[in-house]
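Close look at the chain arrangement
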Amino acid sequence: MNLQRDSPYQVRVRQKSTQALNSLWSDWSQVQTVPAEIENGPEVILATTEAFENGTRLLKLSWKAVPRGAAVSGVTYVLEDSQSNEGCPCLMKKKKKKIRDQTEYSIYVTNFYININITAINTVGTSPPTLFHEPAKPAKDLKACDRHGSVPKVKQPRTCLQWYEYRSGSTRPDTVNTVKGKDRYQQMATKMKDFVRYYYFEHKCVSGTPQTIETCLFYKKEGAPRKPPVLNIGTTQTSADLSWKEIPIEDQQGFLTHYTVCSVRTSSSRQAHTKECYNVSASHTRYRLENLTPGSRYNISLAGATKAGVGPIAVVYINTASKKPVTGGRFSEALQFSSSLFVWLSLSLVMVFFLTSIMCTSVCKRMKNRIFPPIPKPVIPDSAYRPDNQEILEMKEEVQELSLHQLQDNRIQESEDLEETTFLGEVCETDGDREEALEDGTIVGGSRTPEGSDEPLSPSYKSQFLRCSGDLEITDLGQEDNEITTLMYRNGLVFDMKADSTEDVGIPQLGRGN
């Protein structure tokens, strides 16, 4: 049969004899539910402890339930603690606590170390036990127990005494010793060892609730430490800083009363120096030696002490720093300071050079603008009209006629002026005659043709005619050479300007652009 390991099954049974001839099968038995086997012990998921001032603690446990296949027919959890299920400590008969289909449990315990075993049971079998450890309540500023000879003094009658070896960093004792009855002192003296530190408890039972009435540390017999502390030293010119690790509890062999620190100055000439010793509290692990001689060699020693005596000594040789700055820490500090100073000076010079260059550049630009002022550029206003497509259209201007006059050589100019004078004598008229000519229509568009001529005047003759109409009198050819005509082109018209009156606008020429 191929059965699944974690699944429950319902089973019926019938039987048939193998001895009788022609045997028949019996009827089927009732249906039995068979759960799966519990392979693992309960897993504790939460443990809380509530401590009271009277030496009692309330321990609450909760754990995971077993798998569903193993719990179909019910599960019973069995708990057994190292103190007592009834609450009173040191009972010889241990009673097991059984819980049916529950995963929580609460118990009152003392401040002593306690073990709790949890086991799950169903109709198939029992699970492996789960062991839960609750360490002893840490007591603040533990002191040595009051002595009754070589054993602790019992506070009250009818109490239970428990103790175990106290080791560094250990919360789980290897062996727990329990004593109760009338001969408790004799039993303790027999079970305790010399030079071993014990964590001692005294319990009593009040109305079924356990209480711890005494917690202390105890040595049956003390001795000097058997190992020295681990020493570290840092030095300066005139001082030394000492730090060390505590001697392990197993090696103290008694309660430390103090540490002894000694310093001796040594020299190559083997000159005798005074040994100075100091006592440091057993709760301290640091000390500072002052007023040391610079550039000297010292022998530093440290040892722990108990009531029985001083233990082994840890020795370290040190050399204090010299006053000379050539070597040691001061020389390195001076070198570091000079390096940082050089860096800062370099950065300052770079900044000064940068600022100076900026100032010189600004001054040169101002001087250049004063000596060589900038040439103004014409401002071309934007057209008021902009098309919908936001494209800028170029305004093109076409010049139909343009008349330019250039000064020529005096001889050529004289001959040309004589010819023009002759023609102008015929063309030029008085103001009255010009008005009449305008009324008759002889002059059209600001120009006039000579009588008897059907062809219009050229642009040069039109300009000369306009110049004549402006009452310009030229009396002498030499005087005319001295006059300079300036042409100006504005808004599609050409104007001539006199050199001696540049502010007035001249007479427009015939050349005009669209």
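Residues numbered from 1 in each chain as written. Predicted model: local features only at pLDDT ≥ 70, side-chain atom pairs only at ≥ 80, totals over all residues. Heavy atoms only, no water.

Some remarks on the sheet that holds strand β3 (residues 44–51)
Strand order across the open sheet formed by three strands is β3-β4-β7, with antiparallel pairing between neighbours. Edge positions in the sheet fall to β3 and β7 (104–109), since each has one partner strand and no second. Averaged over all pairs of adjacent strands, the angle between strand axes in this sheet comes to 15°, irrespective of strand direction. In the sheet, strand β4 (residues 57–63) pairs with β7 via six bridges, with the strands oriented antiparallel. When the bridges of β7 are listed, Ser 62 appears paired with Glu 104. (Pairing = 2+ DSSP bridges. Helix = DSSP H or I, 4+ residues; strand = E, 2+ residues; numbered from the N terminus. Axes fitted to C-alpha atoms, helices over the stretch in contact; angles between N-to-C directions.)

Here we look at the sheet that holds strand β15 (residues 209–219)
One open sheet holds the four strands; their spatial order is β13-β12-β14-β15, and the pairing between them is antiparallel. The outermost strands of the open sheet, each flanked by one partner alone, are β13 (177–179) and β15. Across the sheet, the mean angle separating the axes of adjacent strands is 20° when strand polarity is ignored. With six bridges connecting them, strand β12 (residues 160–165) and strand β14 (residues 197–206) associate as antiparallel partners. If you follow Gln 162 over to β14, its bridge partner there is Phe 201.

Digging into the packing of aromatic side chains
Within a pair of aromatic rings, the relevant descriptors are the distance that separates the centres and the angle that separates the planes. All told, the structure shown has nine aromatic pairs when counted by the stated rule. For the ring pair Tyr 278 and Tyr 287, a centre distance of 5.8 Å and an interplane angle of 35° mean the geometry is tilted. A relative accessible area of 29% places Tyr 278 in the partly exposed class. What links up through ring pairs into an aromatic cluster is the set Phe 112, Tyr 164, Tyr 166, Tyr 199 and Phe 201. Sitting over the face of the ring of Trp 28, Arg 12 holds its NZ or CZ atom 5.0 Å from the ring centroid. It is Arg 14 that lies over the ring of Trp 25; its NZ or CZ is 4.6 Å from the centre. (Phe/Tyr/Trp six-rings, centres within 6.5 Å; stacked < 30°, edge-to-face > 60°. Buried < 20%, exposed > 50% of the residue type's maximum accessible area, 1.4 Å probe, protein only. Lys NZ or Arg CZ within 6 Å of the ring centre and 35° of its normal.)

Notes on the pattern of salt bridges
Summed over all chains, the structure comprises ten salt bridges. When the shortest N-O distance is used, the salt bridge between Arg 100 and Asp 101 registers 3.7 Å. Here Asp 251 makes a salt bridge to Lys 227, at a shortest N to O gap of 3.7 Å. Of this pair, Asp 251 sits in helix α2 (residues 249–252) while Lys 227 sits in the loop between β15 and β16 (230–235), placing them 24 residues apart in sequence. (Salt bridge = Lys/Arg side-chain N within 4 Å of Asp/Glu carboxyl O.)

By themselves, these are just geometric observations and shouldn't be taken as functional.
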